[in-house]
Amino acid sequence: MSLISPPLTQLQTARLSLRAPQPEDEQDIMAFYMSPRSKHVGGPYDRVGAWHRAAGFFGHWALRGHGKLISVERATGARVGTVGVGRPEGWPERDLNWTIWSDAYEGRGYAFEATKALRDAVAKLYGWTGLVSYIEADNARSIKLAERLGAVLDPQAPPPDPYPCLVYRHPKSEEPQ
Amino acid sequence: MTRIETERLVLRAPLAEDSAALVGFFASERAAFVGGPLALGLAWRHVATICGHWMLKGFGPFILTDRHTGESLGLTGPWAPGDRPEPEVVWALWDHAPKGQGLAQEGAQAALDHLFTGLRWESVVCYIDPSNAPSIALARRLGGVEDPHAARPAPTDLVFRHAPNSGARP
């Protein structure tokens, strides 16, 4: 069953398949948002709150035509996390975001690989470059990844209400990356 | 997609163009009894959740619209996030919708009829804050009976139970 249609629902990288969420992903998405690993993205939530976030994945696609992709390890089919472009109403800018769902998939460069691929794809498809990533100040791993991706702190850019966070700005696509 | 007509209303699934009215509601004081008022981004996220509810479950809250003008007036219908013990029926009117004319009752009654006859549900509850007198009155007019034993999301919530033959009261 597919709830979500193109244009940007499928990307391949060397090791990952990035694809739009499917109903079968619901429990894994919820498990992440109930786990301590979601502490930098609003969690951990109770079951109802986690379900709200999971359903929101689908509604974001329905309302915006883009959203979070599930990062799937091609070799095993395991869901390892997400990568996406988020634009809730009222947020100052589109947010290039990523998650890795378990410690087992940390440290392999998967978030880098997924985010780089999506950043290139949305630049090509939509002309979106110089995107921001909203990152909590104590999220050291994500800050390190943003910097590896060539993003720099943009102290002038406002964070989305009501989240105090740092704003990292990715390079424009014509700049060397 | 399900479409329900009543004397004055049409109930239909939400469309992308409803998002402004929905976001406006959840960001407003009128949403005080349903978790609001929310910051704009969170209100939008909640609207995305409502759309996702329809996509994942195949049912969800309907948009209440004026049958003649098509204007959106509120929402009503089933709400079953996650694995709550049982589904709920919800209702709300937007700030600009006419009040005191029974529109919420007319919409909610049609939604309940659909749940019982269309989806063949045997029972549905609503969770209401004890200080939300207008909703308590509406739950009773719709035939809801307080269920002191039902599980509830917040310990202070009242639970009203609706069943196919509980029958609306004028």
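> I keep staring at the overall build of chain B and nothing clicks. Help me out?
The number of helices and strands found in chain B is 4 helices and 8 strands. For chain B, the C-alpha radius of gyration of 15 Å lies close to 15 Å, the compact-globule estimate for 170 residues. Along the first, second and third principal axes, the C-alpha atoms of chain B reach 40 × 35 × 35 Å. Put simply, chain B has 170 residues, and 40% of those count as buried. Within chain B, residue pairs in contact and separated by at least 24 positions form 52% of the contacts whose partners lie at least 6 positions apart.

> Please explain the environment of A:T82 as it appears in this structure.
Residues and elements named next belong to chain A. One can find T82 in strand β4 (residues 79-86). Taking the C-alpha atoms as reference points, T82 and S173, separated by 91 residues in sequence, lie 22 Å from one another. Setting aside its immediate chain neighbours within four residues, T82 contacts K68, L69, I70, S71, W98 and T99.

> Would you take a moment to explain the interface of chain A and chain B for this structure?
Buried accessible area, meaning the area lost when the parts come together, often serves as the stated size of an interface. Every contact between the two is made by 23 residues of chain A and, on the other side, 21 residues of chain B. When residues of the side of chain A that touches chain B are assigned to their parent elements, the largest contribution, 13 residues, is made by helix α2 (residues 47-64) of chain A. Its residues assigned to classes, the side of chain A that touches chain B comprises 14 nonpolar, 5 polar and 4 charged.

> Can you help me understand the nonpolar core in this one?
One broad trend across soluble globular proteins is that nonpolar side chains are buried collectively. The biggest cluster of nonpolar side chains holds 86 residues, and the ones touching the most others in it are A:A114, B:F26, B:A43, B:V47, B:A108 and B:A111. Tallying contributions element by element places helix α2 (residues 40-57) of chain B first for this core, with 9 residues. Leaving out residues up to four positions away in the same chain, B:A43 has contacts with B:V23, B:F26, B:A27 and B:L38.

Each value, and the rule that gives it
- Residues numbered from 1 in each chain as written.
- Chains lettered and ligands numbered in written order.
- Predicted model: local features only at pLDDT ≥ 70, side-chain atom pairs only at ≥ 80, totals over all residues.
- Helix = DSSP H or I, 4+ residues; strand = E, 2+ residues; numbered from the N terminus.
- Rg over C-alpha atoms; globule rule 2.2 N^0.38 Å.
- Buried ≥ 20, exposed ≤ 12 C-beta atoms within 10 Å, placed from the backbone.
- Contact = placed C-beta atoms within 7 Å.
- Nonpolar A, V, L, I, M, F, W, Y, C, P; charged D, E, K, R; others polar.
- Core = buried A, V, L, I, M, F, W, Y, C linked by C-beta atoms within 7 Å.

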